[in-house]
Amino acid sequence: MFVPLKWLKDYVDIDHIDVRKLSEDLEMSGSKVEAVEVLGEEVDKVVVGKILEIQRHPNADKLLVTKVDVGSEIIQIVTGADNIQEGHYVPIVLVGGTLPGGVKIKKGKLRGEESSGMMCSAKELGLVDKVIPAYQKDGIYILDQAYTPGDDIKEILGIKGHVIEFEITPNRPDCLSMLGMARETAATFHLDMNYPEIKINHEHGNIEEVASVEVLNTDFCRRYAARAATDIVIKPSPEWMQRRLMEAGVRPISNIVDITNYVMLEMGQPLHAFDLNMLTDKKIIVKQAEEGSVFTTLDGTERKLDSSMLMICDGEKPVAIAGVMGGENSEVTDETRAILLESANFYNDNVRATSKKLGLRTEASARFEKGVDPNIALNAVNRACQLIEELGAGKIVGGIIDIYPNKLEKRSLKTRPQRINDLLGTKLSPEEISDILQKLEIEVSQNEEGLLLAIPTFRQDITEEIDIVEEVARIYGYNRIDVTIPKGNSQGAKTNGQIIEDYAKKYLNATGVTEISTYSFVSPKGFDMIGLPEESFMRRSVKLINPLGEENSIMRTTLMPNMLEVLSRNNNRNVESVKAFEIGRVFLPHSIPVDQLPIEKSVLTLGMYGQNIDFFTMKGTIESVFHNLGIQNIAFTPEKNHPTFHPGRCANLVWENHILGVIGEIHPDVAENYDLEVRTYLGEIDFNIVLQITRLDRIYKALPKYPAITRDIALVVKDEVYVKQIEDIIKENGGKLLEQVQLFDVYKGKQIKEGYKSVAYALTYRGEDRTLTDEEVVKVHDKILNQLKEKLDAQLRD
């Protein structure tokens, strides 16, 4: 839910509250803040310009030379736009001005003609493409009326202020509206709520003379309210309404459609406008669809219906899918002269089932699925009529059709102040509790037994006393509740596995890697994105019976797609360097289908990209963590066949013939799938095995008493010989006297024959009980050199 603060201020006075405090305090009171967007932050020196003159460019057929009044002067601008006319008012970026994306405008020449600025399109001003009105999508943004040249375009278009994005939980559908979020804001900051005054000044005729409504299924349609308007004039809605809709994530279309969307966003009640003259018999019948019938929705798609779906019909045909989408055969067009406004309440389970079967989810269905208060239907349709009248879009027909056979009444509850204080550890008086609840528009009265409450119908999530406790806690402030120790004799402790996991996270954090957490429900498209072949066992996943959508339809069998999505999102938002990890569970179905829960396995996934990050950064991070976990003898062996990784930059992580996981640079095709234009490194490790081989006990070893002897060797070997092969032979033949093997140089150059490389080591020898003699060291050293020559044809470099 996108909440523009300029719009929110219509209902609650927040001018004195800083946006940071506003978002933080709303988060603390239970409204999860996803992001805060600053509007117009990168727009500078963009003003209103009036086009005075347009001439063809003398040296280019597709360019125009214009004279534009920008208030302080008249400037010349060369443009290729073909939608401008003399007298138009347009946004002009002056020389030195900036646009979103770091675009800075300089004075220049185009085919010999001077250009001192630039005309802007809607997209160049930073408007999101999906919400730009269709008639403004192409070409220069034409302002809707005359303005003073030189005025700041941010003031004219309202490209300023903040938009807060909230994640609305399924139990709070009332917050899917501006009024809902205003109520939360008023309660959180102890402010007064200002509801819009709904008043229609002029009405004519009676709706019963122009339309009728019949509801045949009152189980699926709890309420159906309708009003009519005539003398409709279809045109773009005013700039202020378009701007509010766009900031809230909705594309403006026309005044009537925009009004219905505006009221839906404001009040949370979806509305639909029918072309009244397209309705046979001027009649609405709410009934179930005929099995196998076909209906064409507003998006031009033919959809096959079944008898479980609720339809809005006229005298002879369906005209809308109830709670989901209208039909082409009754939509509002430029020729519409009379409309019927629908403000209905449909059963959420039926809307959810219909939406899922049709694969069609809309703003309306998203609200009906969660549950809409039927008692707001009348206010919503009246508010729409008020806006139609105020915007001069039509004349309102008198009267309302309102079919509401089973009115939803306020729920009654009892609560005990002492019980609330006992559960929260607070000392609130009954008056303080009453004050908190009344700010949430809960009616409160008091008697000897406690507080008697009348719950507003828009709060269907409050059903028990414990829900009241939660409401008091969040509005009072979780941060204000004293920290106390629970009373009792039981004492908990972490398991060995949890302790090891904590250590692993601590060591990873210490190396600069940030922990992330992602969803266990994922999309099957992730398998394609990481390049898994069709026959891969990882594609065998647990499918959800009732997923919210395809993107959350299976349980993950690998964390790699999750990690790559996080890396891609950060890279696209210009985060230059990221090192992240997640220890999470994957869910593997049994090889033979059985009526059992899936096998759960813990997996450690790492991902990183950025300057000075390469394969060895990933390798070193893992070696450091494993060293701190007491895991020794880890080896890295080349892996050339993993489809997710670059074939020459990938390795298996091996411990005593067990493959723990894989690390490497992702395949270029995978990088392209995730829009990653930087080298990205990924690793996935079986954490269940890590838990088994971790050794957290530490054995003290005294500092050496006797001196060490160091010998350097430089070996010339073939390019295909791995360093690990050399080190294995050295360690195998060094015996107890060999204390350390350290690689310090790898060289290829003129002194080395083609196809060979020089590898240099420092070998440290030491005796635990004596000072070693040269003879003892030479004997072991020569044995190592002989074995290297015999097994790898290694030669000492001259």
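Structure: above.
Read on for an overview of the structure. Note that this is a predicted model, so its numbers are computed, not measured.

Moving on to the overall build of the protein chain. The number of helices and strands found in the protein chain is 20 helices and 41 strands. Over its C-alpha atoms the protein chain spans a radius of gyration of 35 Å, topping by over 25% the 28 Å that the globule rule assigns to 798 residues. Projected onto the principal axes, the alpha-carbon positions of the protein chain cover approximately 115 × 90 × 60 Å. Classification of the 798 residues of the protein chain by burial places 49% in the buried group. With an accessible surface of roughly 41200 Å², the protein chain has 47% of that area assigned to carbon and sulfur atoms.

We now examine the pattern of salt bridges. As enumerated under the stated definition, the model contains 48 salt bridges in all. For Asp15, the salt bridge is made with Lys9, and the minimal N-O distance between the two is 3.2 Å. Across the pair Lys505 and Glu515 runs a salt bridge whose closest N-O atoms are separated by 3.2 Å. Of the two residues, Lys505 sits in helix α13 (residues 496-510) while Glu515 sits in strand β28 (residues 514-515), which places them 10 residues apart along the sequence. Since its relative accessible area comes to 18%, Lys505 is described here as buried.

So, about helix α11 (residues 430-439). Listed as buried for α11 are Ile433, Ser434, Ile436 and Leu437. Seen along its axis, α11 keeps its buried residues to an arc of 160°; they face one direction. Among the structural elements, α10 (417-424), β26 (443-447), β27 (450-455) and α12 (465-476) are those in contact with the buried residues of α11. Positive backbone phi, approximately 65°, marks Glu441, located one or two places after α11.

Another aspect to go through is the pairing of strand β35 (residues 645-655). In terms of burial, β35 is a largely internal element, eight of the 11 residues being buried. As paired strands, strand β34 (residues 634-638) and β35 are joined by five bridges and run antiparallel to one another. The residue of β35 that forms the bridge with Ile634 is Trp655. Linkage of β34 to β35, two consecutive antiparallel strands, is achieved through a turn of six residues.

Moving on, we get to the sheet that holds strand β16 (residues 283-288). Strand order in the open sheet made by the five strands is β13-β16-β19-β20-β21, with mixed pairing throughout. Each edge of the open sheet is held by one strand with a lone partner, namely β13 (212-215) and β21 (325-326). Relative to strand β20 (residues 318-321), strand β19 (residues 310-313) is paired through three bridges, and the arrangement is antiparallel. From the neighbouring strand, Met311 faces β20, where its bridge partner is Ile321.

Before going further, it helps to spend a moment on the packing of helix α7 (residues 348-358) against helix α8 (residues 363-370). Helix packing geometry: the angle between the two helix axes and the distance between the axes. Interaxial distance between α7 and α8 falls to 7 Å at its minimum, and their mutual angle equals 135°. Considering the angle they form, α7 stands oblique to α8. Note on packing geometry: the crossing formed by α7 with α8 is left-handed. For the pair formed by α7 and α8, the contact residues are Asn348, Val351, Arg352 and Ser355 on the first element and Ser365, Phe368, Glu369 and Lys370 on the second.

So, on to the pairing of strand β36 (residues 658-666). In terms of residue burial, β36 counts as a mostly covered element, since seven of its nine residues are buried. Of the pairings in the sheet, the one linking β35 to β36 comprises seven bridges and is antiparallel in character. Residue pairing in the sheet places Phe645 in a bridge with Ile666 of β36. The loop that links β35 with its antiparallel partner β36 comprises two residues; one of these, Glu656, has a positive phi angle of about 45°. Relative to strand β37 (residues 680-686), β36 runs antiparallel, the two being bridged by five bridges. Looking at β37, one finds that Ile663 is bridged to Gly683.

Spatially, the three strands line up as an open sheet ordered β1-β11-β2, and their pairing is antiparallel. One side of each edge strand has no neighbouring strand; the edge strands of this open sheet are β1 (2-4) and β2 (32-38). Each adjacent strand pair in this sheet contributes to an overall mean axis angle of 25°, direction not counted. Note that β1 and strand β11 (residues 162-167) share three bridges and pair antiparallel. Within the sheet, the bridge partner assigned to Pro4 lies in β11 and is Val163.

Over its 13 residues, helix α15 (residues 560-572) extends 18 Å from the first C-alpha to the last, a length consistent with the 18 Å expected when each residue adds 1.5 Å. Along α15, the positions that sit buried rather than exposed are Met560, Pro561, Asn562, Met563, Leu564, Val566, Leu567, Ser568 and Asn571. A positive backbone phi angle near 65° is found at Asn574, which sits one or two residues after α15.

Okay, the environment of Leu796 next. When you line up the elements, Leu796 lands in strand β41 (residues 795-796). Sequence separation of Leu796 and Leu715 is 81 residues, and the distance between their C-alpha atoms is 4.7 Å. Ignoring sequence-local partners within four residues, the contact set of Leu796 consists of Ile713, Ala714, Leu715 and Leu785.

The next thing to look at is the environment of Tyr478. Along the chain, Tyr478 falls in the loop between α12 and α13. You can call Tyr478 partly exposed: its relative accessible area is 39%.

Once that is clear, we can look at the packing of helix α2 (residues 19-28) against helix α4 (residues 178-189). At a minimum axis separation of 10 Å, α2 and α4 run at an interaxial angle of 90°. Here α2 lies roughly perpendicular to α4, going by the angle between them. Of the residues in α4, those in contact with Lys21, Leu22, Asp25 and Leu26 of α2 are Glu184, Thr185, Thr188 and Phe189. Of the residues that constitute the contact of α2 with α4, the class distribution is three nonpolar, two polar and three charged.

Aromatic ring pairs are defined here through the distance separating the ring centres and the angle between the ring planes. Tallied over the full model, the rule gives six aromatic pairs. Taken together, a centroid distance of 5.8 Å and an interplanar angle of 90° make the contact between Trp240 and Tyr262 edge-to-face. Separated by 22 residues along the polypeptide, Trp240 in helix α5 (residues 239-247) and Tyr262 in helix α6 (residues 255-267) bring together distant segments of the chain. Here Phe615 and Phe616 contribute two aromatic rings whose centre-to-centre distance is 5.5 Å and whose plane-to-plane angle is 90°, an arrangement assigned as edge-to-face. Judged by its relative accessible area of 59%, Phe616 falls in the exposed class. Ring pairing ties together the aromatic residues Trp7, Trp240 and Tyr262, which thus form one cluster. The ring of Phe458 has Arg183 lying over it, and the distance from NZ or CZ to the ring centre is 3.9 Å.

Turning our attention to unusual backbone geometry. Phi angles above zero are rare outside glycine, and Asp231 is one such case at about 55°. With respect to the helices, strands and loops of the structure, Asp231 is situated in the loop between β14 (221-230) and α5. One non-glycine residue, Asn574, adopts positive backbone phi at about 65°. Examined against the element boundaries, Asn574 turns out to sit in the loop between α15 and β32 (578-588). Overall, the relative accessible area of 66% leaves Asn574 in the exposed class.

Conventions adopted
Residues numbered from 1 in each chain as written. Predicted model: local features only at pLDDT ≥ 70, side-chain atom pairs only at ≥ 80, totals over all residues. Heavy atoms only, no water. Helix = DSSP H or I, 4+ residues; strand = E, 2+ residues; numbered from the N terminus. Rg over C-alpha atoms; globule rule 2.2 N^0.38 Å. Buried < 20%, exposed > 50% of the residue type's maximum accessible area, 1.4 Å probe, protein only. Areas by Shrake-Rupley, 256 points an atom, 1.4 Å probe, with all protein chains shown as cover. Salt bridge = Lys/Arg side-chain N within 4 Å of Asp/Glu carboxyl O. Arc of directions from axis to C-beta. Contact = heavy atoms within 4.5 Å. Pairing = 2+ DSSP bridges. Axes fitted to C-alpha atoms, helices over the stretch in contact; angles between N-to-C directions. Parallel < 35°, antiparallel > 145°, perpendicular 65-115°, else oblique. Left-handed = near helix turned anticlockwise from the far one by under 90°. Expected span 1.5 Å × (residues − 1). Nonpolar A, V, L, I, M, F, W, Y, C, P; charged D, E, K, R; others polar. Phe/Tyr/Trp six-rings, centres within 6.5 Å; stacked < 30°, edge-to-face > 60°. Lys NZ or Arg CZ within 6 Å of the ring centre and 35° of its normal.

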